[in-house]
Amino acid sequence: VQLQASGGGTVQAGGSLRLSCAASGRTFSSYGMGWFRQAPGKAREFVAAIGRSGGGLTYYSDSVKGRFTISRDNTKNSVNLQMNNLEPVDTAVYYCAVPKASAIFSMSLRDYEYWGQGTQVTVSS
């Protein structure tokens, strides 16, 4: 499985970014997907997850709920993270990930097996 994340950059507080993750090497539509992030000096943390079928099953961390939206396009083997009203605390490297099994819908890092290379998001105040 290969995951390629893109869309990171530098924005001012209150701005928006849209991250994308292109997946290959597995039947994409059979698996849920997750986004995680890791800020400097901190542990990697859950951001959002989406079920196999898309918008019907999503989950967000409390810190991003109402500001971020996860979506997927199974025709393009991609998952996206729309990030609005960004705050400096959102500054981190963002990773997309695929879980170990198709039935998994999880916010736990240990349930994910494949990780993208990460894309840097920097929010200035």
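As the structure is a prediction and not an experimental result, all values here were calculated from the model.

**Some words on the packing of aromatic side chains**
- Under the counting rule described, the total for this entry stands at five aromatic pairs.
- The interplanar angle of 75° and the centroid separation of 5.0 Å between the aromatic rings of F36 and Y112 together place this pair among those described as edge-to-face. Taken together, the residues span a long stretch of sequence, with F36 in strand β4 (residues 33–38) and Y112 in strand β10 (residues 112–115) at a distance of 76 residues.
- The class of F36 is buried, set by a relative accessible area of 0%.
- Given the relative accessible area of 6%, Y112 is considered buried.
- Three or more aromatic residues joined by ring pairs make a cluster, and in this case those are F36, F46, Y59, Y112 and W115.
- The cationic tip of R44 hangs over the ring face of W115; the distance from NZ or CZ to the ring centre is 4.9 Å.
- When the ring centre of F28 is taken as reference, the NZ or CZ atom of R72 above it lies at 4.4 Å.

**With respect to the state of the cysteines**
- Following the criterion strictly, the structure yields one disulfide and no others.
- The disulfide bridge from C21 ends at C96, spanning 2.0 Å between sulfur atoms. Measuring handedness by torsion sign, the sulfur bridge of C21 and C96 sits at about 65° and is right-handed. With C21 in strand β3 (residues 17–24) and C96 in strand β9 (residues 92–99), the pair connects residues that are 75 residues apart, well separated along the chain. Assigned by exposure class, C21 and C96 land together as buried.

**Some points on the sheet that holds strand β7 (residues 68–73)**
- With antiparallel pairing, four strands are arranged side by side in an open sheet as β1-β3-β8-β7. Taken across any chain shown, the strands that pair with only one partner, and hence form the sheet edges, are β1 (2–6) and β7. Across the sheet, the axes of successive neighbouring strands diverge by a mean angle of 15°, strand direction being ignored.
- For β3 and strand β8 (residues 78–83), the ladder comprises six bridges, and the chain directions are antiparallel. Paired with L17 across the strands is M83, a residue of β8.

**Some thoughts on the pattern of salt bridges**
- Overall, the coordinates contain five salt bridges when judged by the stated rule.
- The salt bridge partner of R37 is D90, with a shortest N-O separation of 2.9 Å. Residue R37 is located in strand β4, and its partner D90 is located in the loop between β8 and β9; the two are separated by 53 residues in the primary sequence. Each of the two residues, R37 as well as D90, counts as buried.
- When the shortest N-O distance is used, the salt bridge between D62 and K65 registers 3.3 Å.

The rules we used
- Residues numbered from 1 in each chain as written.
- Predicted model: local features only at pLDDT ≥ 70, side-chain atom pairs only at ≥ 80, totals over all residues.
- Heavy atoms only, no water.
- Phe/Tyr/Trp six-rings, centres within 6.5 Å; stacked < 30°, edge-to-face > 60°.
- Helix = DSSP H or I, 4+ residues; strand = E, 2+ residues; numbered from the N terminus.
- Buried < 20%, exposed > 50% of the residue type's maximum accessible area, 1.4 Å probe, protein only.
- Lys NZ or Arg CZ within 6 Å of the ring centre and 35° of its normal.
- Disulfide = S-S within 2.5 Å.
- Pairing = 2+ DSSP bridges.
- Axes fitted to C-alpha atoms, helices over the stretch in contact; angles between N-to-C directions.
- Salt bridge = Lys/Arg side-chain N within 4 Å of Asp/Glu carboxyl O.

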